[in-house]
Amino acid sequence: MERKPSIHSMYQTQIIGTGSCLPKRVLTNKDLEDIVDTSDKWITRRTGIKERHISSNNENETTTELATQASLKAIEMAGIENQDIDLIITGTVTSDRQFPSTSCMVQDSLKATRAAGFDVSAGCSGFLYALSIADNAIRCGTSKTALVIGVDRLSSITNWLDRSTCVLLADGAGAVVLNSTTENQGILSTHIRSDGALWELLYSSPGNSYSPKILNDLDQMTYHLRMEGKRLFKKAINCLTSIAKEALQYNSLSSSDINLVVPHQANQRIIEGLAKSLAIPLEKMYSNIQLFGNTSSASIPIALDNANREGLIKKNDYVLLSSFGAGLTWASSILNWSR
Ligand code: ACO
């Protein structure tokens, strides 16, 4: 199938800067052995995770601050002024407050006074949902320079007594700066999907992350994340695969054209399952789950920033992004790297 030009095809979107920020504190599998009945061996074998970063309000590692620090790095790489940003969209399920949005809080931190900001709630797919909206705004010509953030502090809604979830979840932030180009490069497509009928596979009870009961006051913990891991596992591989195939077909590309896949980092076995079903060699699947665990909306922009700074992405490379999360939601994007 030929790649369809958008109705307003005069502009395309390119990524000109990436950034990420992780909290200081590292919680290892060994540390978790003191909290729940688990073992480094089980966690490593079933998930691929060895350690993760956990935030603290004492270190000023609020959602807003993590997002701001990631954004500053992306802005520095992009070489733009904060005043150039006209749109800020953040994917998060753990903003500091129910309102105002994290995007508006970050706008204030950056003094990006020309921007409009709002958040998107799409579980671990939040970043790709936000990227899709920003891409469309740029293609339509309503935005020229956008900041897209993925940030979460899942530790604030983690039930630290539930070994089946607390070993997976972590905190962090990633960001990209987008700008408008007339070149036929950059973000080639975004695809987003959801199935609300399956919401009960992964949900949290009400609350926010500003006053988290992180690893203390466990009895006081009134809200947390609940997950049906086994059913999600199968669904994750199916959804990640189908949305990736949809993107490949839309762009008339095959798996062998893809130079790097940056998938949501939920479980190393899911990443391996995706590689197998797309017939993409494992060495083309970017994974940092060993060090960072599942950072929800932040997982793809952190991984993209790491891969970019490690020099794994070259000009003209095709990069496939694919995510899956609460909602259920899933999404993909194909980039033709333009830097
Ligand atoms: N340590 C030791 N044993 C454990 C642990 C643990 N941390 N957790 C569970 N177990 C036990 C179980 O109790 C069970 O014991 P039993 O056989 O005696 O009943 C056994 O290990 C096997 O448990 P399973 O749940 O079958 O383990 P599984 O291989 O399915 O792995 C996991 C569980 C890691 C949660 C996996 O199912 C998974 O990754 N699911 C998908 C997660 C996901 O994609 N989430 C969506 C995105 S995340 C987001 O949006 C926030």
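Worth saying up front: this structure is predicted, and the values here are computed from it rather than measured. Counting restarts for each chain, with residues numbered from 1 along the sequence as it is written. The model is predicted, so local features are restricted to residues of pLDDT at least 70 and side-chain atom pairs to those at 80 or more, both for listing and for counting; the totals for chains, interfaces and linings are taken over all residues. Here the side-chain values reflect all heavy atoms present in the structure, with hydrogen atoms and water set aside.

> Mind showing me how you'd approach the site of the ligand here?
Within the structure, the ligand sits among 23 residues, and Thr38, Arg46, Cys124, Lys230 and Asn267 are positioned closest to it. Interatomic distance of 2.6 Å between a side-chain N/O atom of Thr38 and a nitrogen atom of the ligand. Any pair of N or O atoms that falls within 3.5 Å is considered a polar contact. Within protein, one atom must be able to donate a hydrogen and the other to accept it, and sequence-neighbouring residues count only if both atoms are side-chain atoms. Measuring from an oxygen atom of the ligand, one finds a side-chain N or O atom of Trp42 at 3.3 Å. Per-residue and other accessible areas follow the Shrake-Rupley method at a 1.4 Å probe size, with only the shown protein chains counted as cover for residues. For the ligand, whose unbound accessible area comes to 1000 Å², protein coverage reaches 76%. Whether a residue is near a molecule or strand depends on its heavy atoms: if one lies within 4 Å, it is near.

> Sorry if this is basic, but what is going on with empty space enclosed by the protein here?
In this approach a probe as big as a water molecule rolls over the atoms, and the regions it shows empty are the leftover space. Using a grid of 1 Å spacing that covers the protein atoms alone, one calls a set of points a cavity when a 1.4 Å probe fits there but cannot get out, and a pocket when the set is open and has protein on both sides within 12 Å along at least five of seven lines; lining residues are those with an atom within 4 Å of a point. Grid points are joined across faces, edges and corners, and a volume is the space filled by probe spheres set on the points. Counted according to the given criterion, the structure contains one cavity of 30 Å³ or more. Roughly 40 Å³ of volume is contained in the largest cavity. Lining the largest cavity are Gln14, Ile15, Gly186, Ile187, Leu335, Asn336, Trp337 and Ser338. Numbering goes from the N terminus for both helices and strands, where a helix is a DSSP run of H or I of at least four residues and a strand is a run of E of at least two. Mapped onto the lining of the largest cavity, the elements with two or more residues apiece are strand S1 (12-21), strand S8 (186-194) and strand S13 (329-336). Residue composition of the lining of the largest cavity, grouped by class: four nonpolar, four polar and no charged. Only Asp, Glu, Lys and Arg are considered charged in this grouping, and only Ala, Val, Leu, Ile, Met, Phe, Trp, Tyr, Cys and Pro are considered nonpolar; every other residue, Gly among them, is considered polar.

> Looking at this structure, how should I read unusual backbone geometry?
Comment: phi is negative for the bulk of residues other than glycine, and the bulk of peptide bonds are trans. Residue Pro100 is reached from Phe99 by a cis peptide bond, and omega for that bond is 0°. Mapping Pro100 onto the fold places it in the loop between strand S4 (87-91) and helix H4 (102-110). Of note, the phi angle at Asn60 is positive, near 55°, even though the residue is not glycine. Mapped onto the secondary structure, Asn60 falls in the loop between strand S3 (51-54) and helix H3 (63-78). For Asn60, a relative accessible area of 43% puts it in the partly exposed group. A positive phi angle is found at Ser296, which is not glycine, with a value near 60°. Classification of Ser296 by relative accessible area gives buried; the value is 2%. The cut-offs for exposure are 20% and 50% of the maximum accessible area for each residue type, with area from a 1.4 Å probe on protein chains only; residues under the lower value are buried, those over the upper are exposed, and the others partly exposed.

> Would you explain the sheet that holds S8 in this entry?
Within a beta sheet, neighbouring strands are joined by backbone hydrogen bonds and run either parallel or antiparallel to one another. By the convention used here, strands pair only if DSSP detects at least 2 bridges between them. Pairing is mixed across the open sheet formed by four strands, whose spatial order is S8-S13-S12-S11. Because the sheet does not close on itself, it has two edges, and the strands there are S8 and strand S11 (260-263). With direction set aside, neighbouring strand axes in the sheet form an average angle of 10°. The pairing of strand S12 (residues 318-325) with S13 spans eight bridges and is classified as antiparallel. Paired with Leu321 across the two strands is Ser333, which belongs to S13. In this description, a line fitted to the C-alpha atoms serves as the axis of each element, helices being fitted only across the stretch in contact, and the angle between N-to-C directions of two axes falls anywhere from 0 to 180 degrees.

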